[in-house]
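Chains, contacts and geometry: an overview
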Amino acid sequence: MELPESFGAERNIPLSELTSFRVGGAARLVLRPNSYEAIRDAVEFAARRNLPLALLGKGTNILASDHGFDGCVIRFDTPLHDPIYHGTTVIACCGTSMTALSRETVKRGLMGMECLCGIPGTVGGACAMNAGAYGGEIRQILKRIRVLRNGRDEWVSVSDGDLGYRKSVFSFPNAIALEAEFELKEDDGTAAETMQRCMEKRREKQPLDLPSAGSTFKRPEGHFAGALIDQCGLKGYTIGGAQVSEKHAGFIVNIGGATESDISSLIEHVQRTVMERTGVMLEPEIKRI
Ligand SMILES: Cc1cc2nc3c(=O)[nH]c(=O)nc-3n(C[C@H](O)[C@H](O)[C@H](O)COP(=O)(O)OP(=O)(O)OC[C@H]3O[C@@H](n4cnc5c(N)ncnc54)[C@H](O)[C@@H]3O)c2cc1C
């Protein structure tokens, strides 16, 4: 089938190449549309052909199936335009890197995004997950968002309750976030230092040298997932190529040749053990394709 050039179509691409965990079989069709219109056309194309649809940003919060995906993956991981600044407001394309945007806002004398520097996904992925770190969270700064949902492309104001802990109504398959408008503040002189400190903490605490999807589990109320897992003696526990990180028990890492099945078995083992020993049920934060 002949597809428009604007779709940037490729066939049979291993999801292991598109996700930070580095696991997953092939996706039948991968599209990287080159405009907002092309994204809308790609969604319509998949619907017309009855193709199952998946949406990826940079794939840094994804566990992809060993069986691959017999459908169409839209990959929205590059900016379609530069960020637009008006005073303390910035409008960014959802394909923009969250880390690049945080750095740029700090350079321009703005604050509000400095703690989000180092989150390795896109702006769209961050809005979909309500990403956050070190006290900063997307919902504190997201003012308006341009979404494609139910066939309509519109800007909507963000209301209380639209985003919660690692969840958002602006997440696929409910919606595709196209652009986001953030309300920041003028830097009080501390933003660069805070950003530096957050990056150092990441390097010190996280296993950044091995493939992962970040924190495997959500933070259970009143606890830290990593501390509970560590307390159960699971640091370093390994199934196949999947391991509970020795550096940070909240991360499952791919130590080489891991499959989705290894990672899923390890997730279940951790959940069962932590439940038996502490009575706390851990809920995965990562999304599946
Ligand atoms: C080393 C490491 C450290 C991390 N640290 C943090 C951290 O500190 N804090 C944190 O919150 N997360 C963290 N993460 C997880 C991950 O980076 C974030 O969740 C990130 O926001 C996901 O962005 P992405 O572009 O990679 O999204 P993907 O992983 O590609 O997608 C995640 C979900 O969002 C949906 N989605 C993606 N783009 C859009 C869009 N434009 N519109 C609608 N839905 C969309 C996808 O369909 C999927 O359901 C970390 C991950 C790694 C590997």
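Here's a quick rundown of the structure. Quick caveat, the model's predicted, so the values are computed rather than measured. For every chain, the first residue of the written sequence is number 1, and numbering continues from 1 onward in sequence order. The predicted nature of this model means local features are confined to residues of pLDDT at least 70 and side-chain atom pairs, given and counted, to a pLDDT of 80 or more, with totals for whole chains, interfaces and linings taken over all residues. The side-chain values count all of the structure's non-hydrogen atoms but skip hydrogen atoms and water molecules.

**Details of the pattern of salt bridges**
Where charged atoms of side chains with opposite charge meet at close range, the side chains can pair. Between Lys or Arg on one side and Asp or Glu on the other, a salt bridge is scored when a side-chain nitrogen of the former is within 4 Å of a carboxyl oxygen of the latter. The final tally for this structure, using the stated rule, is 19 salt bridges. Each of Glu137, Arg139, Arg166 and Glu285 takes part in one network of salt bridges that share partners.

**Some details on the pairing of strand E2 (residues 26-31)**
Regular strands place their side chains on alternate faces of the sheet. Pairing between strands requires that DSSP locate at least two bridges from one strand to the other. Secondary structure elements follow DSSP: runs of H or I of four or more residues count as helices, runs of E of two or more count as strands, with numbering from the N terminus. As paired elements, strand E1 (residues 10-14) and E2 share four bridges and run antiparallel to each other. Looking across to E2, one finds that Pro14 is bridged to Ala26. Where E2 meets strand E5 (residues 69-75), four bridges bridge the pair, whose relative direction is parallel. Residue pairing across strands places Ala27 opposite Phe69, the latter belonging to E5.

**Observations regarding the layout of surface pockets**
Of the voids in this model, the second largest pocket is the one considered here, and its volume is about 150 Å³. Listed by contribution, the elements that provide at least two residues to the lining of the second largest pocket are helix H1 (36-48) and strand E11 (142-149). With three residues, the single largest contributor to the lining of the second largest pocket is H1. Partitioning the lining of the second largest pocket into residue classes produces seven nonpolar, three polar and three charged. Per-domain counts for the lining of the second largest pocket show at least three residues from each of domain 1 (5-75) and domain 2 (84-186). Throughout, the protein atoms alone are placed on a 1 Å grid, and a set of points is a cavity if a 1.4 Å probe fits but cannot get out or a pocket if it is open with protein on both sides within 12 Å along at least five of seven lines; lining residues have an atom within 4 Å of a point. Grid points are joined across faces, edges and corners, and a volume is the space filled by probe spheres set on the points. Basically, the charged four are Asp, Glu, Lys and Arg, the nonpolar ten are Ala, Val, Leu, Ile, Met, Phe, Trp, Tyr, Cys and Pro, and anything else, Gly included, counts as polar. Each domain span listed reflects an automatic or database assignment of domains.

**What about the nonpolar core?**
In terms of nonpolar packing, the biggest core is built from 35 residues, with Met113, Val123, Ile138 and Phe182 touching the most fellow members. Counting residues per element, the ones that place at least two in this core are H1, strand E7 (89-93), helix H2 (98-107), helix H3 (123-129), E11 and strand E15 (176-183). We call two residues in contact whenever any of their non-hydrogen atoms come within 4.5 Å of each other. The residues touching Val123, leaving out its near neighbours within four places in the chain, are Ala92, Cys93, Cys94, Thr96, Ser97, Met98, Leu101, Ala180 and Phe182. Buried Ala, Val, Leu, Ile, Met, Phe, Trp, Tyr and Cys residues form a nonpolar core when they are joined through side-chain atoms within 4.5 Å. Any residue under 20% of the maximum accessible area for its type is buried, any over 50% is exposed, and the rest in between are partly exposed; the area is computed with a 1.4 Å probe on protein chains only.

**Observations regarding the packing of aromatic side chains**
Only the six-membered ring of Trp is used, alongside the rings of Phe and Tyr, when aromatic pairs are assigned; centres must lie within 6.5 Å, and planes under 30 degrees apart are stacked while those over 60 apart are edge-to-face, with the rest tilted. Under the definition given, this model contains one aromatic pair. Placement of a positive charge over a ring is assigned whenever Lys NZ or Arg CZ falls within 6 Å of the ring centre and within 35 degrees of the normal to the ring plane. A cation sits over an aromatic face here: Arg108 above Tyr85, 3.9 Å from the ring centre. Over the aromatic face of Trp155 sits the side chain of Arg144, whose NZ or CZ is 4.5 Å from the ring centroid.

**What to know about unusual backbone geometry**
Across the junction of Phe172 and Pro173, the peptide omega takes the value 10 degrees, indicating a cis bond. Looking at where Pro173 falls in the secondary structure, it is placed in the loop between strand E14 (167-168) and E15. Look at Asn130: it is not a glycine, yet its phi comes out positive at around 45 degrees. Looking at the element boundaries, Asn130 is found in the loop between H3 and strand E9 (132-133). Judged by its relative accessible area of 0%, Asn130 is buried.

**A closer look at the site of the ligand**
It suffices for a single heavy atom of a residue to lie within 4 Å of a molecule or strand for the residue to be listed as near it. Inspection of the region around the ligand gives 36 residues, with Leu55, Gly57, Thr60, Thr122 and Gly132 positioned closest. The term polar contact refers here to a pair of N or O atoms within 3.5 Å; inside protein, the definition further demands a hydrogen-donor-capable atom paired with an acceptor-capable atom, and it admits residues adjacent in sequence only when both atoms are side-chain atoms. Here an oxygen atom of the ligand and a backbone polar atom of Gly57 are 2.7 Å apart. Interatomic distance of 3.1 Å between a backbone N/O atom of Phe172 and a nitrogen atom of the ligand. Only the protein chains shown count as cover for residues, and the accessible areas themselves come from Shrake-Rupley with a 1.4 Å probe. For the ligand, whose accessible area on its own is 970 Å², the fraction buried by protein is 94%. Of all elements in the fold, only strand E3 (53-56), H3, E9, E15 and strand E17 (212-215) reach the threshold of two or more residues within the shell around the ligand. The greatest single-element share of the shell around the ligand, amounting to five residues, is contributed by H3. Residue classes in the shell around the ligand are distributed as 18 nonpolar, 14 polar and four charged.

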